[in-house]
Amino acid sequence: MSAIRIYCLSIFLVLTNFLISASLYAAEQPDVDTTENAPVIVRYNVASGDIDSKQSYYIDVLKLALEKSRKEFGPFLLEPVFVETLQGRRIKLVADEQLIDVMWTMTSKPREQELRAIYVPLMKGLMGYRISLIRSGEQTRFGQIDNLAELKTLTLGQGLDWPDSDILESQGFTVMRGKSSTLIDMLSKGRFDAFPRALHEPWSEVEGRSDVEVESSLLIKYTAPIYFFVNKENEQLARRIESGLERAVEDGSFDKLFYSHPTTAEMLKRAKLKSRKIFEIDNPNLSPMSRKLLNNKSLWLYETLPGSR
């Protein structure tokens with residue numbers, strides 16, 4: 001995008017975000033001691049003014065990290081930036097220091113090369129536990145799948161620039177890519193057979209719909225941490241978020257938030273992992289640093305699962 005277009009986008013967002021941001025500040029911000037230094041403004045992206053529970057989880061984790069590091073780094077203000085765009089475009093905005101200071105997204109080798117990753121898995125690895133949305137009335141078809149070869153006869157829907165799409169294709173799956181906002185409708189219209197979602201996502205997405213349902217017998221599993229990312233030159237913010245997250249993990253406040261948040265509180269019970277056939281696949285886009293983190297069990301959810309296929 002040209003500098004002129006970015007400038008115009010910036011002006012547009014400032015004008016459209018002003019009133020919404022003002023109300024969110026009042027609700028979100030911790031009390032700021034005016035005797036301290038001026039607060040650091042941390043800008044993050046949300047798709048719309050109506051923040052759903054999935055977005056609110058990451059915002060709450062970010063607030064926790066910044067609060068845990070307040071003593072060392074000082075006060076802060078969170079500033080929402082409302083723009084709906086592809087993941088790749090958000091990465092570019094952070095890389096170019098335009099509009100957004102921090103984002104949360106699933107990692108990959110290219111993303112860790114372009115941005116500075118904070119190596120704490122925000123969902124304890126659950127982005128790689130994939131339960132599918134399917135068309136209503138087709139559960140019997142999926143319940144008959146017994147091995148990975150049979151599973152790979154399906155066509156799966158995924159986002160245009162999601163790391164999941166690359167992971168599944170690398171393991172021999174047929175993937176149809178589309179804009180995230182259109183994928184459920186594409187499934188309903190028969191463009192593909194199933195739409196794998198992260199463990200905490202599918203139930204809210206079928207609410208109010210009669211044409212799709214949550215598949216109940218299968219799960220695809222791969223290692224896919226989701227991290228906070230900042231600009232590579234923004235070492236101060238990176239160290240602050242990293243320090244805050246590490247303290248939250250150590251004192252238990254990270255797990256307390258994870259297991260009590262509306263996004264994650266009931267997901268394990270609803271998913272019924274022990275009754276599912278688990279198909280575990282490799283993620284070739286996992287960096288050496290991310291693989292090294294697997295040795296730290298405090299960062300991951302280790303749920304007892306039946307044997308993988």
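Residues numbered from 1 in each chain as written. Predicted model: local features only at pLDDT ≥ 70, side-chain atom pairs only at ≥ 80, totals over all residues. Heavy atoms only, no water.

(A) Spatial organisation of helix 12 (residues 253–260). Taken together, the buried positions of helix 12 are Ser-253, Phe-254, Leu-257 and Phe-258. The buried residues of helix 12 occupy one face: seen down the axis, they fall within an arc of 140°. (Buried < 20%, exposed > 50% of the residue type's maximum accessible area, 1.4 Å probe, protein only. Helix = DSSP H or I, 4+ residues; strand = E, 2+ residues; numbered from the N terminus. Arc of directions from axis to C-beta.)

(B) Spotlight on the pattern of salt bridges. Applying the stated rule across the entire model yields 24 salt bridges. The network of salt bridges with shared partners includes Arg-135, Glu-138, Arg-141 and Asp-193. (Salt bridge = Lys/Arg side-chain N within 4 Å of Asp/Glu carboxyl O.)

(C) Representation of the nonpolar core. Counting residues in each nonpolar core, the largest one holds 88 residues, and the members touching the most others are Phe-228, Ile-241 and Leu-245. Here this core gets eight residues from one element, more than from any other, and that element is helix 2 (residues 53–68). (Core = buried A, V, L, I, M, F, W, Y, C linked by side-chain atoms within 4.5 Å.)

(D) Geometry of the packing of aromatic side chains. Per the stated rule, a full pass over the model turns up nine aromatic pairs. A centroid spacing of 5.3 Å and a plane angle of 75° characterise the contact between Tyr-57 and Tyr-58, whose relative ring orientation is edge-to-face. By relative accessible area, which is 0% here, Tyr-57 ends up buried. Over the aromatic face of Phe-258 sits the side chain of Lys-124, whose NZ or CZ is 5.8 Å from the ring centroid. Directly above the aromatic system of Phe-173 lies the positively charged group of Lys-152, at a separation of 5.8 Å from the ring centroid. (Phe/Tyr/Trp six-rings, centres within 6.5 Å; stacked < 30°, edge-to-face > 60°. Lys NZ or Arg CZ within 6 Å of the ring centre and 35° of its normal.)

(E) The environment of Arg-247, seen in detail. Position of Arg-247 relative to the elements: it lies in helix 11 (residues 235–251). Note: C-alpha distance between Arg-247 and Ser-69 (178 residues apart in sequence) is 8.1 Å. Once you skip the residues sitting within four places of it in the chain, Arg-247 turns out to touch Lys-68, Ser-69 and Glu-72. (Contact = heavy atoms within 4.5 Å.)

(F) The arrangement of the side chain of Asn-283 in detail. Note that Asn-283 resides in the loop between strand 12 (277–280) and helix 14 (288–293). Accessibility expressed as a relative area gives 3% for Asn-283, which makes it buried. Among residues more than four places away in sequence, those in contact with Asn-283 are Ile-167, Thr-223, Ala-224 and Arg-291.

(G) Spotlight on the environment of Lys-179. Tracing the backbone through its elements, the reader meets Lys-179 in the loop between strand 7 (174–178) and helix 9 (183–188). Looking at Lys-179, the relative accessible area reads 49%, which means it is partly exposed. In this structure, the C-alpha to C-alpha distance between Lys-179 and Gln-158, residues 21 residues apart in sequence, is 8.3 Å.

(H) Molecular detail of the environment of Ala-149. Among the structural elements, Ala-149 can be located in helix 7 (residues 148–151). According to the relative accessible area criterion, Ala-149 is exposed, its value standing at 57%. Note: C-alpha distance between Ala-149 and Gly-172 (23 residues apart in sequence) is 9.3 Å.

(I) Structural view of the confidence of the model for the protein chain. In the predicted model, the protein chain carries a mean pLDDT of 87, and 84% of its residues have values of at least 70. Considering each helix and strand of the protein chain separately, the mean pLDDT is smallest for helix 1 (residues 3–28), with a value of 46, and largest for strand 4 (residues 116–118), with 98. Per-residue pLDDT stays below 50 along residues 31–35; that stretch engages in four contacts with residues further than four places along the chain or on separate chains. (pLDDT = per-residue confidence, 0-100.)

(J) Examining the side chain of Glu-201 more closely. Of note, Glu-201 is situated in the loop between strand 8 (195–198) and helix 10 (202–206). By relative accessible area, which is 8% here, Glu-201 ends up buried. Excluding its chain neighbours within four sequence positions, the residues that come into contact with Glu-201 are Lys-54 and Met-127.

(K) Region of interest: unusual backbone geometry. Positive phi is not limited to glycine here, since Glu-97 has a value of about 55°. Of the residues examined, Glu-97 reaches a relative accessible area of 54% and is grouped as exposed. Despite not being glycine, Lys-124 has its phi angle at roughly 55°, a positive value. Inspection of the secondary structure puts Lys-124 in the loop between strand 4 and strand 5 (129–135).

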